[in-house]
Amino acid sequence: MTVQHYTGGCHCGDVQFDVDIDLDQTIVCNCSICTKRGFIWAFASAEQFHWRTGENATGEYLFNKHAISHRFCQRCGVEAFAFGVAPRGGRTAAINVRCLDGVDLAALKPTAIDGASR
């Protein structure tokens with residue numbers, strides 16, 4: 001596991017964050033929201049996620065089982081992350097890797113997850 005420090009945020013810059021995360025463990029999901037938004041996800045514990053700006057500039061979207069708090073910038077609409085509970089317990093931050101600064105997306109090898117069947 002290679003945990004590295006990244007900065008990221010939304011398109012307009014109102015929401016910015018730091019996260020320590022392993023991009024060797026990315027996923028793509030075929031559920032309705034992930035498919036339509038083209039997410040590439042990586043996960044970190046909530047303690048590894050730190051707001052820089054914009055905590056009060058986000059809105060929340062809940063759907064299906066309301067288990068994941070999808071957070072989006074209220075100005076530009078970009079969802080850079082979501083919060084939930086990991087399968088083994090503990091709060092987790094799901095990071096939209098497309099919103100991290102300086103990441104070579106073509107170098108990633110995300111694992112496909114069948115979220116549509118859950």
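Structure shown above.
Before going into details, it helps to say that this report is about the structure given with it.

Rules behind the numbers
Per-chain numbering applies: the sequence of each chain, read as written, is numbered from 1 onward. Reporting in this predicted model follows two pLDDT cut-offs: at least 70 for local features of residues, and 80 or more for side-chain atom pairs to be given and counted; totals over whole chains, interfaces and linings ignore these cut-offs and use all residues. The side-chain values count all of the structure's non-hydrogen atoms but skip hydrogen atoms and water molecules. Secondary structure is summarised from DSSP: a helix means a run of H or I of at least four residues, a strand means a run of E of at least two, and numbering begins at the N terminus for each. Relative accessibility decides the category of a residue: with a 1.4 Å probe and only protein chains considered, values under 20% of the type maximum give buried, values over 50% give exposed, and everything between is partly exposed. Residues are treated as being in contact if the distance between any of their heavy atoms lies within 4.5 Å. Only the protein chains shown count as cover for residues, with accessible areas throughout obtained via the Shrake-Rupley method and a probe of 1.4 Å. A residue counts as positive if it is Lys or Arg and as negative if it is Asp or Glu; His and the chain ends are not included. We put the charge of a Lys on NZ, of an Arg on CZ, of an Asp on CG and of a Glu on CD. Should DSSP find at least two bridges between two strands, the strands are taken to pair. When two rings of Phe, Tyr or Trp (its six-membered ring) have centres within 6.5 Å they constitute a pair, described as stacked for plane angles under 30 degrees, edge-to-face for angles over 60, and tilted for the intermediate range. Interaxial angles span 0 to 180 degrees and are taken between N-to-C directions of axes, which are lines fitted to C-alpha atoms, for helices over the stretch in contact.

Moving on, we get to the overall build of the chain. If you tally the helices and strands in the chain, you get 1 helix and 10 strands. For the chain, the sequential pattern of α-helices and β-strands runs β-β-β-α-β-β-β-β-β-β-β. Principal-axis analysis of the C-alpha atoms places the extent of the chain at approximately 35 × 30 × 30 Å. Scored against the burial criterion, the 118 residues of the chain give a buried share of 40%. Of the contacts made within the chain by residues no fewer than 6 positions apart, 53% connect residues no fewer than 24 positions apart. Roughly 6,900 Å² of accessible area belongs to the chain as shown, and the carbon and sulfur atoms make up 49% of that amount. Computed over 11 positive and 12 negative side-chain charges, the separation of the two mean positions in the chain equals 8 Å.

Where burial is concerned, most of strand S7 (residues 69-73) is hidden: 4 out of the 5 residues are buried. When strand S6 (residues 58-61) meets S7, the two strands line up antiparallel, connected through 4 bridges. Bridge pairing in S7 places Gly59 opposite Phe72.

Residues in a regular strand point their side chains to alternate faces of the sheet. With 4 of 5 residues buried, strand S8 (residues 81-85) is to be regarded as a mostly interior element. Here S7 pairs with S8 via 3 bridges, running antiparallel. Bridge pairing in S8 links Ser69 to Phe83. Judged from the 5 bridges that link them, S8 and strand S9 (residues 91-96) form a sheet pairing that is antiparallel. Following the sheet pairing, Ala82 is matched in S9 by Ala94.

The next thing to look at is the packing of aromatic side chains. When we look at a pair of aromatic rings, we describe it by the centre distance and by the angle of the planes. Counted by the stated rule, this structure contains 9 aromatic pairs. Ring centres of Phe49 and Trp51 lie 5.5 Å apart, and the angle between their planes is 90 degrees; this geometry places the pair in the edge-to-face category. Relative accessible area serves as the criterion here: at 7%, Phe49 is assigned to the buried category. Judged by its relative accessible area of 26%, Trp51 falls in the partly exposed class. Measuring from centroid to centroid gives 5.4 Å for Phe81 and Phe83, while their planes differ by 50 degrees, and the two rings are tilted. There is no split in this pair, since Phe81 and Phe83 are both buried. An aromatic cluster is defined as three or more aromatic residues linked by ring pairs; in this entry it consists of Phe17, Phe49, Trp51, Phe81 and Phe83.

As a further point, take the sheet that holds strand S1 (residues 3-9). The strand order across the open sheet formed by 3 strands is S1-S2-S5, and the pairing between neighbours is antiparallel. The two strands at the open ends of the sheet, each matched to only one other strand, are S1 and strand S5 (49-53). Across the sheet, the mean angle from the axis of one strand to that of its neighbour is 25 degrees, orientation sign disregarded. Bridge count for strand S2 (residues 16-22) against S5 is 4 bridges, and the pairing is antiparallel. From the neighbouring strand, Val19 faces S5, where its bridge partner is Phe49.

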